[in-house]
Amino acid sequence: MKNSRLAIFRADFAASLVVFLVAVPLCVGVAVASGVPAELGLVTGIVGGLLTGLLPGSSLQVSGPAAGLTVLVFEAVKEYGLGALGALVLAAGVLQLAMGALRLGRWFRAISVAVVQGMLAGIGLVLIAGQVYALADAKAPGGGLTNVGGLPGLVTATAGSGPALTAFGIGAATIAVLVLWPRWRPAARILPAPLAAVALATTAVAVLDLPVARVRVSGLLSAIQPPGLADLGRLADIGVLGTVLAFTLIASAESLFSAAAVDRLHTGPRTDYDKELMAQGAGNAVCGALGALPMTAVIVRSAANVQAGARTKASRVLHGAWLLLFAAAFPAALGVVPVAALAGILVHAGCKLIPLRELRPLWREHRGEAVVLLATAVAIVTVNMFEGVLIGLLMAVVKTAWETSHVHLEIDAHDGDEPMRVRAVGNATFLRLPKLLDQLEALPRDREVALDLSGLRHLDHACGTALTNWAEAHRRSRERTAEPVS
């Protein structure tokens, strides 16, 4: 028994080091892309390990700042200021705690997968469009379509600037390392690709003394800015509440879908979705109180944790301890990291959010789902995150209602004076009403029709009213036709 416990601890200890090495560049990169101090990304990673890692829910998935919320955080900081970020995250955490307590976690599994994939694809596109500017040490002009429209100008400006070309070369080389490093299996087992890419880029910049922008460092304690009363008071604004709901919806959905994916990677205990939602809520509440970034469960770190041989939640707690030790003992190490290298990591992460491999078979087998996915992604790029997700959810509901509202008419046309029997079968909703009325209008006006609705499994109010009105109008029309001409 003692040897067994020791073997489990060794496995968790080794896995925690791997997850720590993966988490450092991602935490810092997400923070920089979100427009907040780099240290706040580490704070969220620390809370995700030391607090959320201890709580029940999912035993092996790892939480921290995620690329999926980068765009929304950047827009929130730009709109409301850095001070309000803590209030937004705190409110989102409280909402998650409430939803977990009400046992709503399992219902997130009912969200259309196409909407979630479309949401991630839209986030990935916006993230790429914004971070391409950071690859060249340039400032993105805005968000969504504005960034996309400014790309030709970025290409022209970069081509005519030596420092911009240098920064772009560093970023492009970082992406190349991220793509090629995992193929070098002996090296990949020792050093994760994100850390290897950042380490190589940082070394090259330092050795060659290249004129590129570095990460700005302010210190862990000075970066922490708890929300004040004025920031908390802004939660009453309608716009702020919309942002809080977007944080809550996206963070919860991403965490619980990640949990389902991680469960498929191991044979250990399954996730309790309600407890996991409460764990995420507790972590976000603490992150909000510290003025840090929102957290979600992150599939990249979680998969690395499982693949490194983690056996219990001790691995993710230890990874939080290593992050705390790094942030406290080596804060200056962040100041030598080139911004272009972190942008390269996030461009690569954005590309992985776009489900290109799944899109083609989805289009062949479930074209409606593919349309919902694409529409959600386009809406996020052209409008914004929250409204884009709402548009996707609405389209998914309409698609499902359309597919389930199958109805047809069984017509039994007797000869002679007997009424024509018309029996409606299926689910009659307003979505199928135009086609249904067209079929009824095509019936002979001079024949009596007996409309039988007993074969309907569902009849909504709009459809029922329309069918009743048609039957009455048809009766009057037949009576007028049958009246003798005086």
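Located above this text is the structure these notes cover.
Residues numbered from 1 in each chain as written. Predicted model: local features only at pLDDT ≥ 70, side-chain atom pairs only at ≥ 80, totals over all residues. Heavy atoms only, no water.

What about the side chain of Asp12?
Phase 1: Secondary-structure assignment places Asp12 in helix H1 (residues 2-33).
Phase 2: At 6.6 Å, Arg311 is the nearest oppositely charged side chain to Asp12, a buried residue that forms no salt bridge.
Phase 3: There is a polar contact of 2.6 Å between the side chain of Asp12 and the side chain of Thr312.
Phase 4: Look past the residues within four positions of Asp12 in its chain and what remains in contact with it is Ala310, Arg311, Thr312, Ala314, Ser315 and Leu318. (Helix = DSSP H or I, 4+ residues; strand = E, 2+ residues; numbered from the N terminus. Buried < 20%, exposed > 50% of the residue type's maximum accessible area, 1.4 Å probe, protein only. Lys, Arg positive; Asp, Glu negative; His and termini not counted. Salt bridge = Lys/Arg side-chain N within 4 Å of Asp/Glu carboxyl O. Polar contact = N/O pair within 3.5 Å; in protein donor to acceptor, adjacent residues only side chain to side chain. Contact = heavy atoms within 4.5 Å.)

Some thoughts on the packing of aromatic side chains
Phase 1: Applying the stated rule across the entire model yields four aromatic pairs.
Phase 2: Relative to Trp184, the ring of Trp181 has its centre 5.4 Å away and its plane inclined at 65 degrees; by these criteria the two rings are edge-to-face.
Phase 3: The class of Trp181 is buried, set by a relative accessible area of 15%.
Phase 4: Within the aromatic cluster, the residues linked to one another by ring pairs are Phe9, Phe13 and Trp322. (Phe/Tyr/Trp six-rings, centres within 6.5 Å; stacked < 30°, edge-to-face > 60°.)

Section: the pattern of salt bridges
Phase 1: Here the structure, examined in full by the defined rule, presents six salt bridges.
Phase 2: The salt bridge involving Arg103 is made with Asp274; its shortest N-O contact spans 3.8 Å. Linking Arg103 in the loop between helix H4 (82-101) and helix H5 (113-135) with Asp274 in helix H14 (residues 273-289), this pair joins segments that are 171 residues apart in sequence.
Phase 3: For Glu369, the salt bridge identified is with Lys399, shortest N-O distance 2.8 Å. Linking Glu369 in helix H19 (residues 367-382) with Lys399 in helix H20 (residues 385-404), this pair joins segments that are 30 residues apart in sequence.

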